[in-house]
Amino acid sequence: MSKLKIAVIVGSTRIGRFAEHPAKWIAAIAAERQDIEVEVLDLLEYPMHFFGEQRATTAESETAERWKKKLREFDGFIFTVAEYNHAPTAVLKNAIDLGEFIHKPVGFVGYGGVGGARAVEHLRLIFVEMGAALVKTGVHIALGEYLGVLKEGKSLSDYAHLNEAAKNQLDQLTWWGNALKAARSVVTAS
């Protein structure tokens, strides 16, 4: 069976964002696996109009189409999820609304208040509506790990419980990714 193509999506575009740390960390773990081909997609590189916005520029509309086309290349997704005001970032929600995730597995690496758990819960409900398959295990970077990286020079890989959660999430993502890829190929062939 061919490798699954998994996108790690950097879910924040804010100045001084932490999102690059978990994105690089989870992508590195995924890249060590023989069954995954991983690519990091940074929303900074996809400045899109907001969904349904009438005043979108041509460049924003073209970027949204480029985003949709890029997403079609992947068999599954991992989103880094910043929690602000108990919710994910607006830019991430917008990118999800503009994308296509039907019959593909999705996982989350959350950070912020309570490890981003409230923002991830919002996204779980949204992705059900998007027709995606959600993996059970989430990765939640709590304040201690967050500060350890920012203030003490630690790496997320220094935390055994995060590495274990990442492994479990990737195992689930590949199981669902392979099952759904096979199912999509049957539907396409018929």
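Predicted model only: the values in this text are computed from it and were never measured. (Residues numbered from 1 in each chain as written. Predicted model: local features only at pLDDT ≥ 70, side-chain atom pairs only at ≥ 80, totals over all residues. Heavy atoms only, no water.)

Novice: Help me understand the overall build of the protein in this model?
Specialist: Along its length, the protein carries six helices and six strands. For the protein, the succession of helices and strands along the chain, N to C, is β-α-β-α-β-α-β-α-β-β-α-α. Rg of the C-alpha trace for the protein: 16 Å, near the compact-globule value of 16 Å for 190 residues, within the 12% margin. Taken over the C-alpha atoms alone, the protein extends approximately 50 × 45 × 25 Å along its principal axes. The buried share of the protein, reckoned over its 190 residues, is 47%. (Helix = DSSP H or I, 4+ residues; strand = E, 2+ residues; numbered from the N terminus. Rg over C-alpha atoms; globule rule 2.2 N^0.38 Å. Buried < 20%, exposed > 50% of the residue type's maximum accessible area, 1.4 Å probe, protein only.)

Novice: Got a minute to help me understand the pattern of salt bridges in this structure?
Specialist: Side chains bearing opposite charge may pair, as long as their charged atoms lie close to each other. Evaluated as defined, the whole model comprises 16 salt bridges. The residue Arg33 makes a salt bridge to Asp171 at a minimum N-O spacing of 2.7 Å. In this pair, Arg33 is assigned in the loop between helix 1 (20-31) and strand 2 (36-42) and Asp171 in helix 6 (residues 160-189), connecting sequence segments 138 residues apart. Residue class for Arg33 comes out buried when judged on its relative accessible area of 17%. By relative accessible area, which is 30% here, Asp171 ends up partly exposed. The structure contains a network of salt bridges with shared partners spanning Lys5, Glu39, Lys70 and Glu73. (Salt bridge = Lys/Arg side-chain N within 4 Å of Asp/Glu carboxyl O.)

Novice: Looking at this model, I keep getting lost on the packing of aromatic side chains. Mind explaining?
Specialist: Centre distance and the angle of the planes are the two values used to describe a pair of aromatic rings. Tallying each qualifying case throughout the model produces 13 aromatic pairs. Centroid distance Phe77 to Phe79: 6.3 Å. Interplanar angle 35 degrees. Geometry classified as tilted. Residue Phe79 is classed as buried on the basis of its relative accessible area, which comes to 0%. Taken together, a centroid distance of 5.2 Å and an interplanar angle of 45 degrees make the contact between Phe79 and Phe127 tilted. With Phe79 in strand 3 (residues 76-83) and Phe127 in helix 4 (residues 117-129), this pair connects stretches of sequence that are 48 residues apart. Assigned by exposure class, Phe79 and Phe127 land together as buried. Taken together, Phe74, Phe77, Phe79, Phe101, Phe108 and Phe127 form an aromatic cluster joined through their ring pairs. Across the ring face of Phe74, the terminal group of Lys5 is positioned such that the distance to the ring centre comes to 5.1 Å. (Phe/Tyr/Trp six-rings, centres within 6.5 Å; stacked < 30°, edge-to-face > 60°. Lys NZ or Arg CZ within 6 Å of the ring centre and 35° of its normal.)

Note that every value here comes from positions in space, so none of it alone points to a role or purpose.
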